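Each chain is listed here by its residues.
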Amino acid sequence: MESVVLPGTCLHRIFKERSRAAPERIALSTENERISYLELDERSDLLAARLAELGVRPNILVGLCAYRSPEAIVGMLGILKAGGAYVPIDPDYPPERIDYLLADCAAPIVVAAADTAELMAGRHPAMVWIEGGDVSVDPDAAALECGGPSTEAAGHDLAYVIYTSGSTGAPKGVAVEHRNAVRLFEQTQLWYEFDHRDTWTLFHSISFDFSVWEIWGALLYGGRLVLLPETVSRSPALLISLLRSERVTVLNQTPSAFHQLLTVMSSGGNSTSGLALRLVVFGGERLDPRMLAPWIDRHGDQRPALVNMYGITETTVHCTYRRITASDLDEGGDSPIGVPLPDLRVHVLDGNGNPVPDGMPGEMCIAGDGLARGYLNRPELTEERFVSPKAELGEERLYRSGDRAMRLPGGELVYLGRMDSQLKVRGYRIEPGEIEECLSHVPDITGVVVTSRDFGDGDVRLVAYLLPARTSDFSEQATSRLVAAAEGHARTALPRHLRPSVYRVVSEIPMTLQGKVNRDALGK
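Residues numbered from 1 in each chain as written. Predicted model: local features only at pLDDT ≥ 70, side-chain atom pairs only at ≥ 80, totals over all residues. Heavy atoms only, no water.

Draft legend 1. Region of the structure containing the packing of helix H2 (residues 37–53) against helix H3 (residues 70–81). Viewed as axis vectors pointing N to C, H2 and H3 meet at an angle of 55°, and their least axial separation amounts to 7 Å. Between H2 and H3, the interaxial angle falls into the category oblique. For the element pair H2 and H3, the recorded crossing hand is right-handed. Judged by residue contacts, Leu40, Asp41, Arg43, Ser44, Asp45, Leu47, Ala48 and Leu51 of H2 engage Pro70, Ile73, Val74, Gly75, Leu77, Gly78, Ile79 and Lys81 from H3. Looking at the contact of H2 with H3 residue by residue, the class counts come to nine nonpolar, three polar and four charged. (Axes fitted to C-alpha atoms, helices over the stretch in contact; angles between N-to-C directions. Helix = DSSP H or I, 4+ residues; strand = E, 2+ residues; numbered from the N terminus. Parallel < 35°, antiparallel > 145°, perpendicular 65-115°, else oblique. Left-handed = near helix turned anticlockwise from the far one by under 90°. Contact = heavy atoms within 4.5 Å. Nonpolar A, V, L, I, M, F, W, Y, C, P; charged D, E, K, R; others polar.)

Draft legend 2. Examining the pattern of salt bridges more closely. In the structure shown here, the tally under the stated rule is 26 salt bridges. Across the pair Asp343 and Arg183 runs a salt bridge, and its minimum N-O distance is 2.7 Å. One end of the pair, Asp343, is in the loop between strand E16 (335–340) and strand E17 (344–349); the other, Arg183, is in helix H6 (residues 178–192), and 160 residues separate them in sequence. Assessed through its relative accessible area of 5%, Arg183 is described here as buried. Salt bridges sharing common partners tie together Lys16, Asp41, Asp45 and Lys81. (Salt bridge = Lys/Arg side-chain N within 4 Å of Asp/Glu carboxyl O. Buried < 20%, exposed > 50% of the residue type's maximum accessible area, 1.4 Å probe, protein only.)

Draft legend 3. View of the packing of aromatic side chains. All told, the structure shown has 17 aromatic pairs when counted by the stated rule. Relative to Tyr415, the ring of Tyr310 has its centre 5.8 Å away and its plane inclined at 35°; by these criteria the two rings are tilted. Of the two residues, Tyr310 is situated in the loop between strand E14 (305–308) and strand E15 (320–324) and Tyr415 in strand E22 (residues 413–418); the sequence distance between them amounts to 105 residues. Take Tyr310: its relative accessible area is 6%, and that puts it in the buried class. Taken together, the ring pairs in this structure connect Phe185, Trp191, Tyr192, Phe194, Trp200, Trp213, Tyr221 and Tyr321 into an aromatic cluster. (Phe/Tyr/Trp six-rings, centres within 6.5 Å; stacked < 30°, edge-to-face > 60°.)

Draft legend 4. Looking closely at helix H14 (residues 476–493). Its 18 residues place the ends of H14 26 Å apart at the C-alpha level, agreeing with the 26 Å of an ideal helix rising 1.5 Å per residue. All of the buried residues in H14 are Ala478, Thr479, Leu482, Val483, Ala486, Ala490 and Ala493. Along the axis of H14, the buried residues cluster in a sector spanning 130°; they form a single face. Away from the buried face of H14 by more than 90 degrees, exposed residues Glu476, Gln477 and Arg491 are located. (Expected span 1.5 Å × (residues − 1). Arc of directions from axis to C-beta.)

Take a look at the structure:
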């Protein structure tokens with residue numbers, strides 16, 4: 001398969017070419033406005049000019065705090081046009097989490113939408129505010145001492161840093177370059193044939209790397225991006241209505257989110273007639289194709305095409321491609337993830353770094369042009385996960401995914417789950433250790449174990465098991481008080497996707513014979 005070459009090596013340059021080619025075409029749609037490519041280009045140019053005046057240059061990080069709004073997209077484009085790299089900060093994160101991200105990335109400037117002012121005011125000494133077509137700079141924001149003239153970013157410069165959950169309790173920033181992201185779309189174009197006639201939705205937070213696929217998939221090809229209000233993204237019934245009214249052609253969903261859509265459709269009164277979908281792309285978590293049986297029974301498997309894509313933030317959103325068809329419904333509970341993108345290689349290795357035979361499980365290790373630069377300010381962790389392979393593999397660098405897979409005799413891959421305790425819940429990659437470390441600070445709790453449980457029909461939730469300091473008191477009043485304290489602390493310290501849905505107080509933490517927590521026994 002040959003890739004399609006986009007007109008540029010950087011995300012913002014390709015967008016600029018699309019704007020020049022069709023300035024009046026609609027780039028963004030919201031409930032209240034429709035913004036053309038020309039207007040989006042001009043708004044982001046204004047922001048870029050102000051950031052350049054403040055000293056933003058290639059590889060300088062700029063925080064970006066915005067909801068799913070035009071300001072978020074203007075912010076991204078403006079930061080990239082100035083040469084910098086954006087660090088998305090979800091306004092729904094607790095203040096403690098926002099403070100951590102700002103301190104860890106040490107971004108010298110933060111761009112924020114005006115509707116986050118109450119949250120962000122006073123949090124950073126150099127704030128740049130955007131509202132509609134207006135840009136304002138805090139009077140105290142001083143220019144950076146960058147030592148050099150303003151220059152445009154190149155393909156090998158950073159485009160963004162997105163934080164993922166950390167096994168030691170601290171999130172880690174993944175540094176991705178322009179060329180990593182641009183080649184993602186070049187390498188998948190012959191499968192998808194994206195163009196200016198496509199309408200995409202921005203369903204996910206800009207802090208979740210699935211949004212990279214949604215935003216740039218639309219803008220790099222001259223398509224239209226529909227920015228979903230929070231109410232719509234959380235209501236399957238409203239989402240179905242929007243998909244129909246906006247004539248959306250490309251929908252990207254985690255399996256959990258799509259399962260909620262299926263449930264609403266099956267309940268009656270929410271027919272899928274009138275939908276314009278040509279593609280539904282799954283990612284972010286394990287897909288059991290059997291979940292799609294009601295959809296395929298009603299709509300078949302041709303239009304829209306159903307595609308499962310395995311991916312990791314460290315390898316730039318997506319690694320593999322697999323078209324799902326009706327025949328997959330009879331294959332049991334396996335999760336087929338298909339073949340690597342053309343410029344990636346997926347090796348299935350044993351614990352010694354040697355390839356395992358087809359049909360045997362091993363760790364997926366990915367090589368190729370999608371590999372990120374590494375972890376921000378974490379050289380030891382970067383060295384641990386981005387490794388030099390054995391000479392016989394012939395690769396410059398491998399990313400150790402920590403995911404188990406098996407290669408079938410025909411060459412396709414099947415996803416088998418995590419090798420460690422990392423979880424995937426509603427599309428988010430979650431290290432339970434991060435949640436456990438947080439909840440361990442709650443008074444009167446001496447032990448915490450967090451795991452995931454399937455409550456049926458793909459409804460996967462986080463469950464926290466709490467070991468109280470006084471194990472002699474398990475009265476209803478005492479356990480309720482402990483649970484309330486844990487819930488309250490989680491609300492103030494953890495983003496929504498890291499907060500357990502269920503809390504259970506236990507008298508002991510069961511252990512395996514190897515001295516490790518027996519997470520399976522906790523659920524019994």
